[in-house]
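Breakdown of the fold
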Amino acid sequence: MTISVSEYFAKRKKAERKKEPRYIAVINRNSCTSCNSCASVCPVDCIYEVPGVLPSESYHQIDTTRCIGCQLCYRVPSESTDFFTLTVCPWNAIDMLYNPAQKKDVIVLEPYYRGEKQEDMPWDEIEEFGYVLYLNEEIRVRPTDELRQRVIDYFTQPVWATNGETPFRICHPEPEDHGNYRLYRVTPEGLQLLTRVYEHYPKVFMD
Ligand code: SF4
Ligand code: SF4
């Protein structure tokens, strides 16, 4: 069943899962043709469709805050050695990532942060959101999700730069308010930075 973005956020109001998964899946909207193949196999129904004015402009997205990393949208798990021919998505539009919360590796965005560093900065979620923004140039956040709202606030402040630049925002500070979710979009300079940072980001299996 295809569920639209508005229906999805109206029904699934909380970002929830029992614990942090090892992997998370992210759809590249520019490669997605909205065939719904991935959504039909997702056991937790965390994939929704963003309908376009024309059907060819529609695409699917994964709510990474609810993805359990099961890989069912990515490959047939029993035949893991033959993953190239067994991907579920006909366009290879899905990236399977190591969940930053489990990776415990270098936080790739941290060297570009120029704001005041707080002890409890949610770097894992910042890294996750950064990858989604790199692939899709937009991200949806529930206004009730205090953690993710805090995470996106870092992206909307002029606190990011490479060496010697005046700090800039990665996301526009004024989101589109859709009631159950807010849609944030990247700035051109933000996308440049994200591309530089995430171009060679490690993925699962397809590296
Ligand atoms: S990895 Fe599993 S839980 Fe995550 S989007 Fe794909 S099918 Fe759904
Ligand atoms: S299977 Fe691929 S093309 Fe089809 S909706 Fe999912 S991401 Fe898009």
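Going by the structure above, here's the rest.
Residues numbered from 1 in each chain as written. Chains lettered and ligands numbered in written order. Predicted model: local features only at pLDDT ≥ 70, side-chain atom pairs only at ≥ 80, totals over all residues.

In this section: the sheet that holds strand β5 (residues 138–141). Pairing between sheet strands relies on hydrogen bonds along the backbone, with the strands arranged either parallel or antiparallel. Pairing in this open sheet of three strands is antiparallel, and the strands run β5-β7-β6 from one edge to the other. The open sheet terminates on both sides in strands that have one partner only, identified here as β5 and β6 (176–177). The sheet contact formed by β5 and strand β7 (residues 182–185) spans four bridges and is antiparallel. Paired with I139 across the two strands is Y184, which belongs to β7. (Pairing = 2+ DSSP bridges. Helix = DSSP H or I, 4+ residues; strand = E, 2+ residues; numbered from the N terminus.)

Our focus in this paragraph is the site of ligand 2. Close contacts around ligand 2 come from 14 residues, with C32, C35, S37, C38 and C89 the closest. For the shell around ligand 2, a count of residues per class yields nine nonpolar, five polar and no charged. (Near = placed C-beta within 6 Å. Nonpolar A, V, L, I, M, F, W, Y, C, P; charged D, E, K, R; others polar.)

So, on to the nonpolar core. In this structure, A25, V26, I94, F129, L133 and I170 are the most contacted members of the largest nonpolar core, which totals 44 residues. The residues contacting L133, other than those within four sequence positions of it, are I139, I170, C171, V186 and L194. (Core = buried A, V, L, I, M, F, W, Y, C linked by C-beta atoms within 7 Å. Buried ≥ 20, exposed ≤ 12 C-beta atoms within 10 Å, placed from the backbone. Contact = placed C-beta atoms within 7 Å.)

In this model, helix α4 (residues 123–136) (14 residues) spans 20 Å end to end at C-alpha, consistent with the 20 Å of a helix rising 1.5 Å per residue. The buried count for α4 comes to eleven of 14 residues, which makes it a mostly enclosed element. Among all positions of α4, only I126, E127, E128, F129, G130, Y131, V132, L133, Y134, L135 and N136 are buried. Looking one or two residues beyond α4, the residue adopting positive phi is E137, at roughly 60 degrees. (Expected span 1.5 Å × (residues − 1).)

A word on the site of ligand 1. Around ligand 1 sit 14 residues in total, of which A25, C42, C67, C70 and C73 are the nearest. Looking at the shell around ligand 1 residue by residue, the classes come out as twelve nonpolar, two polar and no charged.

Now for the packing of α4 against helix α5 (residues 146–156). Taken N-terminus to C-terminus, the directions of α4 and α5 make an angle of 65 degrees; their axes are 9 Å apart at the nearest point. Of the possible angle classes, the one that applies to α4 and α5 is roughly perpendicular. For the pair α4 and α5, the crossing hand works out as right-handed. Between α4 and α5, the residues in contact are E125, I126 and F129 and L147, R148, V151, I152, Y154 and F155, respectively. (Axes fitted to C-alpha atoms, helices over the stretch in contact; angles between N-to-C directions. Parallel < 35°, antiparallel > 145°, perpendicular 65-115°, else oblique. Left-handed = near helix turned anticlockwise from the far one by under 90°.)

On to the pairing of strand β1 (residues 23–27). Buried residues dominate β1, accounting for four of its five residues. Relative to strand β4 (residues 94–98), β1 runs antiparallel, the two sharing five bridges. Bridge pairing in β4 places V26 opposite D95.

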